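# Structural characterization, general
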Amino acid sequence: MEKRPNILFLLSDDQGAWAMGCAQNTDVQTPNLDRLAAQGVRFDNFFCASPVCSPARASILTGTIPSCHGILDWLSGGNLPAGIPGMEDMFGYQHETKPIRYTSHLTAYTDLLCEAGYTCALSGKWHMGDSLHPQHGFSGWYTLGRGGCDYYHADVVENGKIHFPEGYVTDLIGENALQNLEELAVGEAPFYLSVHFTAPHSPWEEKDHPKEMLDLYRDCSFTATPDLPLHPDQVKTCPYGTGERRKELLRGYYAAISAMDRQIGRLLDRLEKLGIEEDTLIIFTSDNGMNLGHHGIWGKGNATFPQNMFDTSVKVPFIASWKGRLPQGKVCSGLFSHYDIFPTLMELLGLEGSVIQKLPGKSFAPWLAEPEAEADRSIVILDEYGPVRMIRDREWKLVVRYPYGPGELYCLRRDPEEEENLYENPAYAERILQMKKRLESWFLTYADPDRDGVRQPVAGTGQFGAVGREADMLSCFGEIPEKL
């Protein structure tokens, strides 16, 4: 068997599918993501598993739904032990009592890569519990203690210890990734390098980003995103604004993306310099989507209460490039999901290890080879955020909120912006019934009843303990957020 390819897996944080130049955004400057898309295949209908970071990341890694892996909200606890000097006043640290390995009961695709002889390294955000210790086949481990952090005061984990290095966290992650790349490239084994940026997650204030990145957008007209009144369900968990405040926040968001793009460019250049570009599969995606004024919302799925499932929250960028092996400059419009990454890697790499869990996803390897091939019409996309669940195909989207609602139904063919909710229209009662039946059958098949999100009080304000039989506290979720 020929040597398996190296894998460079690039993950951004809170980047909407719309936030790239190659996705026809005329405001943002992403020359290196555009370059990557020109060298490979860009998917314009790719979806996350949950519109918030920790559940989405765990679903990428394990190929399972949140109601199987048990991370149902962003982790405000379970990442670190209590009592770390210098962290007492940091945001979110109040819920840190002990590290929890939330996904230890499942197989990650990195476990299979390790078994197949890969050397696996992480540079950047983990945010799936127990940040101090490598998990799931990783040997290189440079991450962040809490998951999120300020851009200029990161709590970095190296060698099982927390320290607070000087510098902009996007550059710190990029530098560590470059160092990893140099070291991994000289080894005999193929490598898997995960580079997980915190960008472009908030904060987006002037003080949080380099002046040279902010200056790229001083004269920007900011016309690529809608300028709408705030949504009535908007909560205070994300920065928001109108008028000049809107422009300030967009400037910070785009500056964060451009700073990340610069580091991605350095990694692409280094692959070329090392002469291993043709031996390396490069994947870029984001953990979840993002609204920056879309629908009048600022934030992702938990930017509203109840949580939302708009396409801008659940649709993510996805680009794959493998020089000489994949087509260049192509766009695939098929519907695919983060669930599909695990089985796709298994097929592409010929991985044959044992997988504990049932995988709901399907390989999209055929569409990597032929991006413009006819899409599989049987594919539907399913998402969850606690008691909020979504099923979507090319024409229709149904959102079900257990137990009380409200429900939503959109005809995406006629109403791609999801503005006309047809749920209460009796003409669509049979369609709702059939879609709901399919949704519930899917969750009955793939959810673990002990970790099922519909049985948990997930409010979008954080999870700080394990659920089900593993729970060690009466409640492990934050309170219902305050609306504007």
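Everything in this summary refers to the structure shown in the same document.

### Concerning the environment of Thr-26
Topologically, Thr-26 is positioned in the loop between strand 1 (6-12) and helix 1 (31-39). Each C-alpha atom, one on Thr-26 and one on Thr-225, is 9.7 Å from the other, the two residues being 199 residues apart in sequence. If near-sequence neighbours (up to four positions away) are discounted, Thr-26 is found in contact with Thr-223 and Ala-224.

### Looking at the nonpolar core
Residues Phe-43, Tyr-109, Leu-113, Tyr-192, Ile-341 and Phe-364 are the most contacted members of the largest nonpolar core, which totals 71 residues. Of the residues forming this core, the biggest block, 5 residues, is contributed by helix 9 (residues 341-349). Those residues in contact with Tyr-192, other than ones at most four positions away along the chain, are Ile-7, Phe-9, Tyr-109, Thr-110, Leu-113, Tyr-118, Thr-119, Cys-120, Ala-121 and Phe-138. Counting 42 residues, the second-largest nonpolar core is a separate cluster that includes Val-156, Tyr-168, Leu-172 and Leu-184.

### Describing the environment of Cys-238
Tracing the backbone through its elements, the reader meets Cys-238 in the loop between helix 6 (211-214) and helix 7 (243-274). The class of Cys-238 is buried, set by a relative accessible area of 9%. Each C-alpha atom of the pair Cys-238 and Ala-303 lies 6.5 Å from the other, and the pair is 65 residues apart in sequence.

### Quick notes on helix 5 (residues 169-185)
Quick reminder: α-helices carry 3.6 residues per turn. Residues three or four places apart thus point the same way. Spanning 17 residues, helix 5 covers 24 Å between terminal C-alpha atoms, matching the ideal 24 Å at 1.5 Å per step. Among the residues of helix 5, Val-169, Thr-170, Leu-172, Ile-173, Gly-174, Asn-176, Ala-177, Leu-178, Asn-180, Leu-181 and Leu-184 are the ones counted as buried. Where helix 5 is buried, its residues meet strand 3 (119-124), strand 4 (138-144), strand 5 (156-158), strand 7 (191-196) and helix 7.

### Quick word on the pattern of salt bridges
Taken as a whole, this structure holds 33 salt bridges when the rule is applied. For Arg-35, the salt bridge is made with Asp-269, and the minimal N-O distance between the two is 2.7 Å. Here Asp-269 lies in helix 7 and Arg-35 lies in helix 1, a separation of 234 residues in the sequence. With its nearest N and O atoms 2.8 Å apart, the salt bridge here joins Arg-266 to Glu-175.

### Let's talk about the packing of helix 5 against helix 7
As a packed pair, helix 5 and helix 7 sit with axes 9 Å apart at the nearest point and diverge in direction by 15°. The angle between the axes of helix 5 and helix 7 places the two elements in the roughly parallel class. The element helix 5 and its partner helix 7 pack so that their crossing is right-handed. On helix 7, the residues touching Thr-170, Asp-171, Gly-174, Glu-175, Ala-177, Leu-178, Leu-181, Glu-182 and Ala-185 of helix 5 are Ala-259, Met-260, Arg-262, Gln-263, Arg-266, Leu-267, Arg-270, Leu-271 and Leu-274. Taken together, the residues that form the contact of helix 5 with helix 7 break down as 9 nonpolar, 3 polar and 6 charged.

What counts, and where the lines are drawn
Residues numbered from 1 in each chain as written. Predicted model: local features only at pLDDT ≥ 70, side-chain atom pairs only at ≥ 80, totals over all residues. Heavy atoms only, no water. Helix = DSSP H or I, 4+ residues; strand = E, 2+ residues; numbered from the N terminus. Contact = heavy atoms within 4.5 Å. Core = buried A, V, L, I, M, F, W, Y, C linked by side-chain atoms within 4.5 Å. Buried < 20%, exposed > 50% of the residue type's maximum accessible area, 1.4 Å probe, protein only. Expected span 1.5 Å × (residues − 1). Salt bridge = Lys/Arg side-chain N within 4 Å of Asp/Glu carboxyl O. Axes fitted to C-alpha atoms, helices over the stretch in contact; angles between N-to-C directions. Parallel < 35°, antiparallel > 145°, perpendicular 65-115°, else oblique. Left-handed = near helix turned anticlockwise from the far one by under 90°. Nonpolar A, V, L, I, M, F, W, Y, C, P; charged D, E, K, R; others polar.

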